[in-house]
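Chain by chain, the residues:
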Amino acid sequence: MRTIVHLSDLHFGRIDPAILAPLVTFAAEVKPDLVAISGDLTQRARTAEFLAAKEFLAAIPFPQIVVPGNHDVPLHNLFARFARKLNRYQHYITTDLQPIFSDEEMVVVGVNTARAFTWKDGRINRGQLEQLRATMNRARSARTKIVVTHHPFDLPAGASGRVVGRSRLAIKTLAECGVDLLLAGHFHIADTSQTAKRYQFPGYSAIVVSSGTSTSTRGRGQPNSLNVIRIDAPNLTIERRTWRAASSLFDILSVEQFRRAENQWIRE
């Protein structure tokens with residue numbers, strides 16, 4: 001069995017500081033095999049924000065997969081945005097823009113979808129997909145295969161905007177590799193769906209999990225949230241946890257269960 005804590009859209013520079021210590025305590029209690037952070041660590045990609053994000057991540061002493069989001073690219077300084085792009089992210093957080101975590105039960109790949117020229121939207125390119133394909137094809141078929149991006153491959157319920165660019169080509173690649181689970185953020189809306197809702201690839205349906213913002217004040221009508229994903233193949237459980245300020249806890253809002261049948265996940 002494997003446990004993943006999925007955080008997203010931290011937005012240091014616009015956080016609720018009351019959440020930080022309880023979140024660190026929560027992670028220590030869960031003892032995840034992996035913490036996945038799906039982008040937007042900062043609000044405006046400033047040095048002080050990256051330093052605060054780095055300190056927070058260091059307080060969670062478990063394996064981590066971290067990818068950048070569009071807010072981690074400088075916005076107002078156009079020279080920095082187009083010439084330096086993710087330089088501060090790579091200096092303070094990680095130089096690896098396609099990180100990999102692998103053990104006996106799962107393989108997890110993070111993919112950078114943040115782009116300077118698309119502003120808030122994201123894209124995935126053919127080179128990234130080929131690298132992803134090579135990693136997934138090396139993994140034994142029995143492992144659960146997971147991809148972490150900032151921009152989602154499907155819109156969470158109630159969101160308006162765009163999915164990640166080249167999404168259909170990406171899903172075709174993911175289907176060929178047998179990827180099981182897609183983790184993302186960006187819209188600050190927690191939701192769970194399946195790829196078959198938007199993309200028709202016969203015999204293939206992966207689970208799409210979006211997280212709300214875990215720590216920022218930019219909730220967009222939803223409370224701060226995170227996901228706890230428990231994988232006990234062929235079963236998978238997604239706990240949505242929301243922040244309750246009165247109790248200073250991330251309480252369970254919902255529990256969803258899935259069972260894998262070949263390359264499809266069936267909701268139970």
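Before any of the text, the structure's been laid out above.
Calculation criteria
Residues numbered from 1 in each chain as written. Predicted model: local features only at pLDDT ≥ 70, side-chain atom pairs only at ≥ 80, totals over all residues. Heavy atoms only, no water. Helix = DSSP H or I, 4+ residues; strand = E, 2+ residues; numbered from the N terminus. Buried < 20%, exposed > 50% of the residue type's maximum accessible area, 1.4 Å probe, protein only. Polar contact = N/O pair within 3.5 Å; in protein donor to acceptor, adjacent residues only side chain to side chain. Contact = heavy atoms within 4.5 Å. Phe/Tyr/Trp six-rings, centres within 6.5 Å; stacked < 30°, edge-to-face > 60°.

A. Region of the structure containing the side chain of Ser214. Within the secondary structure, Ser214 is located in the loop between β9 (207-210) and β10 (225-232). The class of Ser214 is buried, set by a relative accessible area of 0%. A polar atom in the side chain of Ser214 sits 2.8 Å from the backbone oxygen of Ser225. Those residues in contact with Ser214 that lie beyond four places of it in its chain are Leu7, Ser8, Asp9, Leu10, Ile19, Asn224, Ser225, Leu226 and Phe250.

B. Representation of the side chain of His186. Checked against the element boundaries, His186 lands in the loop between β7 (181-184) and β8 (191-194). On the basis of relative accessible area, His186 is assigned to the buried category, the value being 9%. Looking at His186, its side chain comes within polar contact range of the side chain of Asn70, at 3.2 Å. Among the polar contacts listed, one links the side chain of His186 to the side chain of His150, at a separation of 3.1 Å. In this view, His186 contacts Ser8, Asp9, Asn70, Lys120, His150, His151, Pro152 and Arg220; residues no more than four positions away in its chain are not counted.

C. View of the packing of aromatic side chains. Applying the stated criterion across every chain yields a total of five aromatic pairs. Both rings, one in Phe50 and one in Tyr92, keep their centres 6.4 Å apart while their planes meet at 10°; by these two values the pair is stacked. You can see Phe50 sitting in helix α2 (residues 47-58) and its partner Tyr92 sitting in helix α4 (residues 87-92), a full 42 residues away along the chain. The burial state of Phe50 is the same as that of Tyr92; both residues are buried. Ring geometry for Trp243 and Phe250: centres 5.3 Å apart, planes at 50°, overall tilted. Relative accessible area serves as the criterion here: at 9%, Trp243 is assigned to the buried category. Residue classification places Phe250 among the buried residues on the basis of a relative accessible area of 4%. Through a chain of ring-to-ring contacts, the aromatic side chains of Phe26, Trp243 and Phe250 assemble into a single cluster.

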